Amino acid sequence: MALVLVVWQVLVWAKVTDSYKLPAPSAVWDEVSEAWRQGTFLEYIWTSVSRGLLGFLMALVIGTPLGLLVARVKFVRAAIGPILSGLQSLPSVAWVPPAVLWLGLNDSMMYAVILLGAVPSIANGLVSGVDQVPPLYLRAGRTLGATGLRGTWHIVIPAALPGYLAGLKQGWAFSWRSLMAAEIIASSPDLGIGLGQLLENGRTANSMSMVFLAILLILIVGIAIDLLIFSPLERRVLRSRGLLVTH
Amino acid sequence: MATALAKAADATTSVEYAARIEHVSKSFTTPAGRQLVLDDITLDVAPGEFVTLLGASGCGKSTLLNLVAGLDQPSAGGISTDGRPALMFQEHALFPWLTAGKNIELALKLRGVAKAERRTKAEELLALVRLEGAYGKRVHELSGGMRQRVALARALAQDSKLLLMDEPFAALDAITRDVLHDELTRIWRETSVSVLFVTHNVREAVRLAERVVLLSSRPGRIAHEWTVDIPQPRRIEDSAVAELSVEITEQLRGEIRRHGQH
C-alpha cells in the first residue's frame, strides 16, 4: 500500500503525464474530505454495498436450491447444468442492456444483473462441492439411515461446504462486478449515487481525482467484504476439519 | 399345552437369525463381459453369533457385506436381516464436520432417539469403547485407533441386531489392532449384538470368531467352515489359535492356488 503511494507520488512529481490524467494523491484525498464534509462519502459506499449485499443474498437464496437440484437430480443436471456453466463464462455486463430494456432504469434492473452474474457461480460452486463428496460418506450416511432429504441435509450439504463456500466467495466477486457494471452504464437521478455512478460522474465531469476515488473505493469494498465475511468463514470451516495447516 | 402353543407361535413370529443369506449370487458387468463375483452363497448368522468371513483379496467378501448392508442388490437369491444392520468400514468414515460425540449423536438422531437423551447415550457409548473425554474432539485430532473406536461407537449407536465389519482394523498397526480385538470381544460379549466380520487375516479371524467361513475366489463360494471353540478371552498368540490358523491357512492357500490368480 505504502509502496503504491510512493510510486504514485514519484510519478506525479516526475510529471510523466498531465495532472488531469494523473491526479496527485493529495488531490484524491481532497476529494475524500470534500465528500466527507458534504456527508455524501458514506452514502456513495452504502448505496452500492447495500445493493451488492442484498443482491448477493438473493443470489444465495436462489443459487443454493438450484445448485442442489442440479447436483442431485439427473435430468435437472442434463437440462440446465450446461446452461449454468455457460452463463458463468458470460461477462454479466452483457446483461445490462437487456435488463434496462426489460425492467427500465431502476433498482430491479440492478438486482437482475447481479443475479444473472452471481447465481451461476453459487450454484456451480455447490455442484462441484457435491460432486467432490467422498462416496464413503454417502455410504456411511446410508447405513446410518440418512437417505433422501435427510441424507442431503445431514451428509451432502455439510460434506460439500468447502466447495460451496468457494462458490459463495466467487459469487460475491461476481455480484460486486455486475453491480459496478450496471451502475456505470445505467445512471439515472432516481437511482441515487453509488460507486459506479460516482465513477461515471467523474468521467463526465472530467475529474480524474473523482475517478480515482471511485476506483479505490470499489476495490476496497470488494476486498473488505471478502476479508471480513468470506475468509474468516472459510478458515473456520477448513480448520475445524483439519484441512488448514496453522503455524 | 397352552404354553407349548404360545412357544410355538413365538418361534414362528420371532426371527431366529440375525442375517439369512440364501443362494445369493452377484455378478457385475465389466468391459470384459459379465463377471460372476459371488456364486450361490448360503449362510446364516445366529442372534448373538460372531462369524468371520475369510478370503483372499478380491474374493467378493466385501461385496457380500455390502449386499447384507443393503447398499447393493444381489443378482439372484435373497437376503433378510433382523432390522437394518450397522456397518463399519476399513476407513473410519467419520464425518469431519462433526466432533466425535456429534458423529455418534447423528446416528442416534437418525434412529429417532430424543434430543434430551442423545448426549448421555453418546457419552455412554464413548465410555463403552474407552474413549471417555473424547466427546468434543474433532476427527483429525484422533489417532487411527481412536477413530476406529469412535466408528465402532457410532455403529453401536444404531442399536442394530447385526454389526457388519469390513476389515475395520486392517489399516491399524499390530499393537493397536491387538488391543481393539480385545475391546471388540469384550463389547460383543457385553452387548448381544451379532457380528459378521470380513477379513483376509487368518489369525484375526480365529482370534475373534465363533465360526470362520472361508470364501474361495473367482467366483466367491463358501469353501469351508470351522467352528472355533477355543474359550474367550483368547490371545492372538495362543497356541490353539495358532494351530487352527495353520490348518485354515493351508486350505486358503489351496483355494488361491486352484485359481492361480495371485
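What counts, and where the lines are drawn
- Residues numbered from 1 in each chain as written.
- Chains lettered and ligands numbered in written order.
- Predicted model: local features only at pLDDT ≥ 70, side-chain atom pairs only at ≥ 80, totals over all residues.
- Heavy atoms only, no water.
- Helix = DSSP H or I, 4+ residues; strand = E, 2+ residues; numbered from the N terminus.
- Rg over C-alpha atoms; globule rule 2.2 N^0.38 Å.
- Buried < 20%, exposed > 50% of the residue type's maximum accessible area, 1.4 Å probe, protein only.
- Areas by Shrake-Rupley, 256 points an atom, 1.4 Å probe, with all protein chains shown as cover.
- Lys, Arg positive; Asp, Glu negative; His and termini not counted.
- Charge placed at Lys NZ, Arg CZ, Asp CG, Glu CD.
- Core = buried A, V, L, I, M, F, W, Y, C linked by side-chain atoms within 4.5 Å.
- Domains from an automatic or database assignment.
- Contact = heavy atoms within 4.5 Å.
- Pairing = 2+ DSSP bridges.
- Polar contact = N/O pair within 3.5 Å; in protein donor to acceptor, adjacent residues only side chain to side chain.
- Buried area = accessible area lost by both parts, 1.4 Å probe.
- Salt bridge = Lys/Arg side-chain N within 4 Å of Asp/Glu carboxyl O.
- Nonpolar A, V, L, I, M, F, W, Y, C, P; charged D, E, K, R; others polar.

Tallying secondary structure elements over chain B gives eight helices and nine strands in all. Taking 262 residues into account, the globule formula puts the C-alpha radius of gyration at 18 Å, and chain B, at 19 Å, falls close to it. Taking all 262 residues of chain B together, 51% fall into the buried category. For chain B, the exposed area adds up to about 11900 Å²; of that, 51% sits on carbon and sulfur atoms. A gap of 6 Å separates the mean positions of the 33 positive and 34 negative side-chain charges of chain B.

Before going further, it helps to examine the nonpolar core. Trp176 and Leu195 of chain A together with Phe95, Ile104, Leu152, Leu163 and Met165 of chain B are the most contacted members of the largest nonpolar core, which totals 150 residues. Three or more residues apiece are contributed to this core by two domains, here domain 1 (37–85 + 161–262) and domain 2 (96–159) of chain B. Residues contacting Leu152 of chain B, with those up to four places away along its chain left out, are Met88, Val129, Leu163, Met165, Leu184 and Ile187 of chain B.

Let us now look at the pairing of strand 8 (residues 211–215) of chain B. Residue and element names in this part refer to chain B. Burial analysis of strand 8 places five of its five residues in the buried class, which makes it a mostly covered element. Both faces of strand 8 are covered, namely the face carrying Arg211, Val213 and Leu215 and the face carrying Val212 and Leu214. The sheet contact formed by strand 3 (residues 50–54) and strand 8 spans four bridges and is parallel. Residue Leu54 lies in a different strand from strand 8, and its bridge partner there is Leu214. Between strand 8 and strand 9 (residues 222–227), which pair antiparallel and follow one another directly, the connecting turn spans six residues, one of which, Arg218, has a positive phi of 40°.

Moving on, we come to the environment of Tyr17 of chain B. Residue and element names in this part refer to chain B. Position of Tyr17 among the secondary structure elements: in the loop between helix 1 (2–13) and strand 1 (19–30). In the structure, Tyr17 is positioned 28 residues away from Val45 in sequence and 5.8 Å away in space, judged by C-alpha atoms. In contact with Tyr17, not counting residues within four places along its chain, are Asp44, Val45, Ala46, Pro47, Ser80 and Asp82. In this structure the side chain of Tyr17 is engaged in a polar contact, spanning 3.2 Å, whose partner is the side chain of Ser80.

What follows is about the domain arrangement of chain B. Residues and elements named next belong to chain B. Under the domain assignment, chain B is made up of domain 1 (37–85 + 161–262) and domain 2 (96–159). Look at where the C-alpha atoms of domain 1 and domain 2 centre, and you get two points 25 Å apart. Roughly 1100 Å² of surface becomes buried between domain 1 and domain 2 when both sides are summed, with 63% attributable to carbon and sulfur atoms. Here domain 1 and domain 2 share two salt bridges between them. In this structure, Arg149 engages Glu183 in a salt bridge whose closest nitrogen and oxygen atoms are separated by 3.3 Å.

Taken together, the 21 residues of chain B in the interface contact 19 residues of chain A. Summed over both sides, the interface of chain B with chain A buries roughly 1900 Å², with 67% coming from carbon and sulfur. Area buried by chain B at its contact with chain A is led by Leu71, Trp97 and Leu110 of chain B, which between them contribute 35% of it. Linking chain B with chain A are zero salt bridges, by the criterion used here. The interface formed by chain B and chain A holds five residue pairs in polar contact (both at pLDDT 80 or more) in total. Tallied by class, the residues present in the side of chain B that touches chain A amount to 12 nonpolar, four polar and five charged.

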